[in-house]
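# Architecture at a glance
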Amino acid sequence: GHIDLQSFIGTNLAWGYFGMGDMKKTLLLVEESVALDRKTGNMPNLSFSLGTLGGAYFVLGEWDKGEQILQEGMSISQKLNDIQQIAGGYSWLGWVNFSKEEYSKAKECFEKAREVYEKAGAKYLQMSVSGMVIWAHIELGELQEASSLLDKLYEFALKIKDKELIALADARRGMLFRAQKKWKE
């Protein structure tokens, strides 16, 4: 009968199904969690559940619906000053805008997520989301800004010897070279 915990577990299970691509099960679980959170007034978990639900609708191509749900979750997260959910919300909203090819808005969202991680001292997450900021800079033709941030990403990735971040930096470097028409590089 612990409804708050049921909701929390339901949203976490939804993420598992989300990762496996079973969106039907994802929606079933997370919509139930949202309903439980609303019923009990569990605002911290409601922001998490709404973020998951909004992300699911985004992946399903229902961008406007996903964005609306993500905005509601962000509003709750900001009132609670829930750093993790705020950064996650900005990242999701960045993806929505990026997919709409609204690169300035996407960059703004990704930069806000990056700032939240920086203030929280979460250097790895800050650098990880930098990959999306770099991509937005490239799409906007802001190649010097992209290059400068990319150098910082490389420096960090090499310092901690993180293969995933190194691969992310390599991919962005290739995208930058494409934008600069440096075909040989």
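Details of the structure are given in the entry above.
So, here is what we can say about the structure in this document. All residue numbers refer to position in the chain's written sequence, counted from 1. Local features are withheld for residues below a pLDDT of 70 in this predicted model, meaning they are given only at 70 or higher, and side-chain atom pairs are given and counted only at 80 or more; totals for whole chains, interfaces and linings count all residues. Neither water nor hydrogens contribute to the side-chain values; these are computed over all heavy atoms in the structure.

Put simply, DSSP marks the helices as runs of H or I at least four residues long and the strands as runs of E at least two long, and each gets a number from the N terminus on. When its secondary structure is counted, the protein shows nine helices and zero strands. Against the compact-globule benchmark of 16 Å for 185 residues, the protein has a radius of gyration of 18 Å, which places it among compact chains. Here the C-alpha coordinates of the protein stretch approximately 60 × 30 × 30 Å along the principal axes. Of all intrachain contacts in the protein linking residues separated by at least 6 positions in sequence, the fraction that spans at least 24 positions is 52%. Computed with the Shrake-Rupley method and a 1.4 Å probe, the accessible areas treat only the protein chains shown as cover for residues. When the accessible area of the protein is evaluated, it comes to approximately 10,000 Å², of which 53% is carbon and sulfur surface. With 23 positive and 25 negative side-chain charges, the protein shows a spacing of 4 Å between the two charge centroids. The quantity called the radius of gyration is restricted to C-alpha atoms. Its globule counterpart is 2.2 Å times the number of residues to the power 0.38. Residues are treated as being in contact if the distance between any of their heavy atoms lies within 4.5 Å. A positive count includes Lys and Arg, and a negative count includes Asp and Glu. His and the chain ends are not counted in either. The location of each charge is read from NZ of Lys, CZ of Arg, CG of Asp or CD of Glu.

Attention now goes to the packing of aromatic side chains. Aromatic rings from Phe, Tyr and Trp, with only the six-membered ring used for Trp, were paired whenever their centres fell within 6.5 Å, and each pair was classed as stacked if the ring planes differed by under 30 degrees, edge-to-face if by over 60, and tilted otherwise. Scanning all chains against the criterion turns up ten aromatic pairs. Both rings, one in Phe18 and one in Trp92, keep their centres 6.1 Å apart while their planes meet at 75°; by these two values the pair is edge-to-face. One end of the pair, Phe18, is in helix H1 (residues 3-20); the other, Trp92, is in helix H5 (residues 83-99), with 74 residues separating them in the sequence. The pair formed by Phe18 and Trp92 is uniform in burial state, with each residue classed as buried. Three or more aromatic residues joined by ring pairs form one cluster here, namely Trp15, Phe18, Phe58, Trp63 and Trp92. The cut-offs for exposure are 20% and 50% of the maximum accessible area for each residue type, with area from a 1.4 Å probe on protein chains only; residues under the lower value are buried, those over the upper are exposed, and the others partly exposed.

What makes a salt bridge here is a side-chain nitrogen of Lys or Arg within 4 Å of a carboxyl oxygen of Asp or Glu, nothing more. This structure, assessed with the given rule, holds eight salt bridges. One salt bridge connects Glu72 with Arg38, and the closest N-O pair in it is separated by 2.8 Å. Pair noted here: Glu72 is in helix H4 (residues 63-80) and Arg38 is in helix H2 (residues 23-40), with a separation of 34 residues, a long-range link. Here Asp151 makes a salt bridge to Arg173, at a shortest N to O gap of 3.1 Å. Here Asp151, found in helix H8 (residues 143-160), pairs with Arg173, found in helix H9 (residues 163-179); they are 22 residues apart in sequence, far enough to count as distant. Under the relative-accessibility criterion, Arg173 is labelled buried at 17%.

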